Amino acid sequence: MSILRTAFLKASESAWLRERAPRHRFVRRSVARFLPGESADDALAAARRLADSGISTLLSQLGENIEHRSGAEAVVEQYRDVLARIHAAGLPSDLSVKLTQLGLDLDPEFCFANLAQLAESALAASTPGGGTIWIDMEHSPYVDATLEIYRRARAKFPNVAVCVQAYLYRTEKDVESLIAQGANVRLVKGAYDEPSEIALPKKSDVDENYFRLAQMLLSAEARKSGARVALATHDRKLIARIADWAAAQGIPRDRLEFDMLYGIQRAEQLRLVREGYRCRVLVSYGSYWFPWFMRRLAERPANVLFLARNLWGG
Ligand code: FDA
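What you see is a predicted model, and the numbers here were worked out from it, not measured in a lab. (Residues numbered from 1 in each chain as written. Predicted model: local features only at pLDDT ≥ 70, side-chain atom pairs only at ≥ 80, totals over all residues. Heavy atoms only, no water.)

Asks: It is not clear to me how the overall build of the protein chain should be interpreted in this structure. Could you clarify?
Replies: Helix and strand content of the protein chain: 14 helices and 8 strands. Its C-alpha atoms give the protein chain a radius of gyration of 19 Å, within 12% of the compact-globule value 20 Å for 314 residues. Taken over 314 residues, the protein chain has a buried fraction of 54%. In the protein chain, the share of contacts with a sequence separation of at least 24, taken over all contacts with a separation of at least 6, comes to 75%. Of the roughly 14000 Å² of accessible surface on the protein chain, a fraction of 54% belongs to carbon and sulfur atoms. One way to put it: in the protein chain the 43 positive side-chain charges average out to a point 6 Å from where the 38 negative ones average out. (Helix = DSSP H or I, 4+ residues; strand = E, 2+ residues; numbered from the N terminus. Rg over C-alpha atoms; globule rule 2.2 N^0.38 Å. Buried < 20%, exposed > 50% of the residue type's maximum accessible area, 1.4 Å probe, protein only. Contact = heavy atoms within 4.5 Å. Areas by Shrake-Rupley, 256 points an atom, 1.4 Å probe, with all protein chains shown as cover. Lys, Arg positive; Asp, Glu negative; His and termini not counted. Charge placed at Lys NZ, Arg CZ, Asp CG, Glu CD.)

Asks: Explanation requested: the site of the ligand in the structure shown.
Replies: Near the ligand, the surroundings consist of 27 residues, among which Lys189, Lys203, Thr233, His234 and Glu299 are the closest. One nitrogen or oxygen atom from the main chain of Gly190 is found 2.7 Å from an oxygen atom belonging to the ligand. Measuring from an oxygen atom of the ligand, one finds a side-chain N or O atom of Lys203 at 2.7 Å. Contact with the protein chains covers 89% of the free accessible surface of the ligand, which is 930 Å². (Near = heavy atom within 4 Å. Polar contact = N/O pair within 3.5 Å; in protein donor to acceptor, adjacent residues only side chain to side chain.)

Asks: Mind showing me how you'd approach the sheet that holds strand 2 (residues 93-97) here?
Replies: Backbone hydrogen bonds are what pair the strands of a sheet, in a parallel or an antiparallel way. Taken in spatial order, the 8 strands line up as 1-2-3-4-5-6-7-8 and close into a barrel, and their pairing is parallel. Taking the axes of each pair of neighbouring strands and ignoring which way they run, one obtains an average angle of 30° across the sheet. Here strand 7 (residues 257-261) runs beside strand 8 (residues 278-285); their pairing, made up of 5 bridges, is parallel. Along strand 8, the bridge assignment pairs Phe258 with Cys279. In this fold helix 6 (residues 108-124) packs onto strand 2, strand 3 (133-135) and strand 4 (160-165), with an angle of close to 145° to the strand it touches most, strand 3. (Pairing = 2+ DSSP bridges. Axes fitted to C-alpha atoms, helices over the stretch in contact; angles between N-to-C directions.)

Asks: Explain the environment of Asp41 here, please?
Replies: Relative to the helices and strands, Asp41 resides in helix 4 (residues 40-52). For the pair Asp41 and Tyr285, spaced 244 residues apart in sequence, the C-alpha to C-alpha distance is 9.1 Å.

Asks: I tried to follow helix 1 (residues 3-12) on my own but got confused; where do I start?
Replies: Since there are 3.6 residues in each turn of an α-helix, residues three or four apart along the chain are aligned in direction. Burial in helix 1 covers these residues: Phe8, Leu9, Ala11 and Ser12. The buried residues of helix 1 occupy one face: seen down the axis, they fall within an arc of 155°. (Arc of directions from axis to C-beta.)

Asks: What exactly am I supposed to notice about the pattern of salt bridges here?
Replies: Working definition: two side chains of opposite charge can pair if their charged atoms are close together. Using the criterion set out here, one finds 24 salt bridges in the structure. A salt bridge links Arg170 to Asp144; the nearest nitrogen and oxygen atoms lie 3.0 Å apart. Taken together, the positions of Arg170 in the loop between strand 4 and helix 8 (171-180) and Asp144 in helix 7 (residues 143-156) put the pair 26 residues apart, joining distant regions of the chain. Since its relative accessible area comes to 53%, Asp144 is described here as exposed. Between Arg280 and Glu257 there is a salt bridge, with the nearest N and O atoms lying 3.4 Å from each other. (Salt bridge = Lys/Arg side-chain N within 4 Å of Asp/Glu carboxyl O.)

Asks: Can you help me understand unusual backbone geometry in this one?
Replies: A negative phi angle is the norm for most residues apart from glycine, just as the trans form is the norm for most peptide bonds. Positive phi outside glycine occurs at Asn65, with the angle close to 50°. Note on placement: Asn65 falls in the loop between strand 1 (56-61) and helix 5 (69-89). Backbone geometry at Gln265 places phi at a positive 55°, although glycine is not the residue there. In this fold, Gln265 is placed in the loop between strand 7 and helix 12 (266-274). Judged by its relative accessible area of 25%, Gln265 is partly exposed.

Asks: Honestly, the packing of aromatic side chains in this entry has me stumped. Any pointers?
Replies: Two measures describe an aromatic ring pair: the distance that separates the ring centres and the angle between the ring planes. Considering all chains together, one arrives at 2 aromatic pairs under this definition. Between Phe34 and Phe293 the ring centres are 6.1 Å apart and the planes differ by 50°, which places this aromatic pair in the tilted class. Of this pair, Phe34 sits in the loop between helix 3 (25-31) and helix 4 while Phe293 sits in helix 13 (residues 290-299); the two residues are 259 residues apart in sequence, bridging distant segments of the chain. Both residues of the pair, Phe34 and Phe293, belong to the buried class. Residue placement shows Arg69 over the ring face of Phe110; its charged tip is 4.3 Å from the ring centre. Sitting above the plane of the Phe112 ring, Arg152 keeps its charged end 3.9 Å from the centroid. (Phe/Tyr/Trp six-rings, centres within 6.5 Å; stacked < 30°, edge-to-face > 60°. Lys NZ or Arg CZ within 6 Å of the ring centre and 35° of its normal.)

Shape is all these values report; function is a separate question.
Laid out in C-alpha cells, this is it:
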C-alpha cells in the first residue's frame, strides 16, 4: 500500500482532524468536486440533472459510527423524508446506507429495526429505477454483522441489497453464498485500511480478484438464481474487460450496471449510457464529510494536487 494512501486512511479515522480540517476554506472548496452540496435539496437537484442524462442515482447522507440512538433515529427520519421526495419527483434513485449510521455499534437489533423501517418505506414509495436500500460495506470487523443483517432483511424485503469488497480474501466465499440466495450485490474494490492477513495488499491482485468476482456474479448460475450485480468502479480498463467478457457470453449490455461516485469520470458515465449500459452515480450529502473525503483522496493521489491547488488559490 502506498505511503500516501495509508496516511489518508489514517487521517480518515482521526477525530482531531475531523473536528478541525473542515474549518479551512481550501478543504471545503476541494470537497465540493465530489459533493454537490451538504443538503438533501442539493443531492436531489443533482439526481434530477443526472436523471435527465439517463443516469440513475444512489443518495447517501454522510455519517458513520453513530453513538446515540437519537442520532440513528434522526438519520432514519431524514431518509424517509428523502424517499418521499424521490417518490414525488419520480426519480430513479436508491438509497445507500451505512449500518453504523443506523446504530450497529449500539445494538444490532435496533440497527435491524431501523433498516427494516427504511426498506418498508422505500418499497411503498418505489419509483421506476428506484426504491432499493443498498447497504454499504464498512471496515472488516463489521463484515459478518453486516451480512447477517442483510440476510435477515432480505428474507423480509426484496428491495435490500449489499456491497462486497474485492480486496478481502473472504469475499469469494461470501459471493458464493450471496449468489445462492439470489442477492442483489454491489461489487467494489474496497476503501479501508486493512491488514494483509485479511486483504490483498497488491492493487493488481485486487483488480484481478474484482474481475473474477464480476464473472461469478454475472455467470449463468448467478443469473438463474436471480442474483444481480452493480459493478461499482471508475477503472476504465476493468470496465472494458468486463464489458468485453460479458459480450462474449451473450449478456446484453443493459444487464450491466456500472456505478460511480459523483464528480468522478463524468465522461465515462455518459459514454456508458450512450452505448446502452446502465449507470448509477452515488451522490453524497451532509456535513459529516471529512472521513469520506479522506478515503476519496486515498483512492487517487492526484486528488492531493487538486487539494493543493485550492490551498494556493487562497
Ligand atoms: P481505482 O482505485 O483503481 O481507480 C481507477 C481510476 O478511477 C483511477 O485511476 C482514477 O482515474 C479514477 N478514480 C478512482 N477513485 C478516484 C477518486 N477518489 N478521485 C478521482 N478519481 C478516481 N468502498 C467500500 O469499501 N464500501 C462501500 O460500500 C463502497 N461503496 C461504493 C459505492 C460506489 C457507487 C462506488 C463507486 C465506490 C464505492 N466504494 C466503496 C469505494 C471503492 O471501494 C473504491 O475505493 C473506489 O471506487 C476506487 O476504486 P476504483 O474501483 O474506482 O478503482
